[in-house]
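Residues per chain are reported as follows:
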Amino acid sequence: DIFTVRIYEYRVRLAIAESAVEELGVSLSVLHDLYRTVHSVDEGDFQSYYILFCMSSGKDPELRQLMPDIAQLSVIQNAIRIHRFFQRNDFYGFFKLYSTQSDENKKLMDLVMPKMRSLALLTLQEGFSKVKKRTLERR
């Protein structure tokens, strides 16, 4: 029922604020399942949190199960873009979107930030190594 949905929405907000990753995962999963039968005015926000959380857990965000009206919301489309940048290891797109996100989204993106930073540094290092090698070969 809607009361249960509201309780889990509150638990998700609290888990994000407290950076309680385990509680966040459990609450988002339960909420995601509840939304199959009960809908809330804030469903788009929480479904977007679920999509972003799936990045850190390696879980499939099950986008096919979203209601068409929810799937078209800008918050959902934004979360999908972020998730795709993460899947493609596109650190540039990921960091570019990071700067425009809400505090809640940033906290969820922070869960995968170490991986994206490492990828960015390795890519830059590799690029500079190639440039340095070509410069030395020309001399």
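Residues numbered from 1 in each chain as written. Predicted model: local features only at pLDDT ≥ 70, side-chain atom pairs only at ≥ 80, totals over all residues. Heavy atoms only, no water.

**Student:** Can you walk me through the overall build of the chain in this structure?
**Tutor:** Of the regular secondary structure elements, the chain holds eight helices and zero strands. Across the chain, helices and strands are ordered from the amino to the carboxyl terminus as α-α-α-α-α-α-α-α. Since a compact globule built from 139 residues should have a radius of gyration of about 14 Å, the 18 Å found for the chain marks it as more spread out than a globular shape. For the chain, the C-alpha atoms occupy an extent of roughly 75 × 30 × 25 Å along the three principal directions. Across the 139 residues of the chain, 38% fall into the buried class. Within the chain, contacts between residues separated by at least 24 positions form 58% of all contacts whose residues are at least 6 apart in sequence. Just so you have it, the chain exposes about 8700 Å², and 56% of that area is on carbon and sulfur atoms. Of the charged side chains in the chain, 20 are positive and 18 negative, and the gap between their average positions amounts to 14 Å. (Helix = DSSP H or I, 4+ residues; strand = E, 2+ residues; numbered from the N terminus. Rg over C-alpha atoms; globule rule 2.2 N^0.38 Å. Buried < 20%, exposed > 50% of the residue type's maximum accessible area, 1.4 Å probe, protein only. Contact = heavy atoms within 4.5 Å. Areas by Shrake-Rupley, 256 points an atom, 1.4 Å probe, with all protein chains shown as cover. Lys, Arg positive; Asp, Glu negative; His and termini not counted. Charge placed at Lys NZ, Arg CZ, Asp CG, Glu CD.)

**Student:** Which parts of the structure should I look at to understand the packing of aromatic side chains?
**Tutor:** Each aromatic ring pair is characterised by the separation of its centres together with the angle its planes make. Evaluation of the coordinates by the stated rule reveals two aromatic pairs. Ring geometry for phenylalanine 46 and tyrosine 49: centres 5.4 Å apart, planes at 80°, overall edge-to-face. In this pair, phenylalanine 46 and tyrosine 49 both sit in helix H3 (residues 43-57), three residues apart, roughly one turn of the helix. The residues phenylalanine 46 and tyrosine 49 share a single accessibility class, namely buried. Note on phenylalanine 94 and phenylalanine 95: the rings are 5.9 Å apart at their centroids and 75° apart in plane angle, and the pair reads as edge-to-face. With a relative accessible area of 0%, phenylalanine 94 lands in the buried category. Residue classification places phenylalanine 95 among the partly exposed positions, given a relative accessible area of 28%. Geometry around phenylalanine 86 places lysine 115 over its ring, the cationic atom sitting 4.7 Å from the centre. (Phe/Tyr/Trp six-rings, centres within 6.5 Å; stacked < 30°, edge-to-face > 60°. Lys NZ or Arg CZ within 6 Å of the ring centre and 35° of its normal.)

**Student:** In this structure, what is going on with the nonpolar core? I would like to understand it.
**Tutor:** Within soluble globular proteins, side chains that are nonpolar tend to cluster in buried spots. Counting residues in hydrophobic clusters, the biggest one holds 37 residues, and the most contacted among them are Val12, Leu24, Met55 and Phe94. Elements with a minimum of two residues in this core: helix H1 (2-18), helix H2 (21-34), H3, helix H4 (68-71), helix H5 (74-87), helix H6 (91-98), helix H7 (103-110) and helix H8 (113-138). Looking at which element gives the most residues to this core, the answer is H3, with eight residues. (Core = buried A, V, L, I, M, F, W, Y, C linked by side-chain atoms within 4.5 Å.)

**Student:** Just to check I follow, could you spell out the pattern of salt bridges for this structure?
**Tutor:** Between side chains of opposite charge, pairing is possible as soon as their charged atoms come close. For the structure shown, the criterion picks out six salt bridges. Across the salt bridge formed by arginine 6 and aspartate 42, the nearest N and O atoms sit 3.1 Å from each other. Of this pair, arginine 6 sits in helix H1 while aspartate 42 sits in the loop between H2 and H3, and the two are 36 residues apart along the sequence. The partner of aspartate 33 in a salt bridge is arginine 36, with the nearest N and O atoms 3.5 Å apart. Relative accessible area serves as the criterion here: at 42%, aspartate 33 is assigned to the partly exposed category. Within this structure, Arg6, Glu9, Arg13 and Asp42 form a network of salt bridges that share partners. (Salt bridge = Lys/Arg side-chain N within 4 Å of Asp/Glu carboxyl O.)

**Student:** I tried to follow H6 on my own but got confused; where do I start?
**Tutor:** Counting along an α-helix, one turn takes 3.6 residues, and residues three or four places apart therefore face a common direction. Those residues of H6 that fall on the buried side of the exposure criterion are Phe91, Gly93, Phe94 and Leu97. Taken around the axis of H6, the buried residues stretch over an arc of 165°, which confines them to a single face. Opposite its buried face, H6 presents the exposed residues Tyr92 and Lys96, each directed more than 90 degrees away. Its buried side turned inward, H6 meets H3, H5, H7 and H8. If you check the start of H6, you find a side-chain oxygen 3.3 Å away from the backbone N of tyrosine 92, and it comes from aspartate 90. (Arc of directions from axis to C-beta. Polar contact = N/O pair within 3.5 Å; in protein donor to acceptor, adjacent residues only side chain to side chain.)

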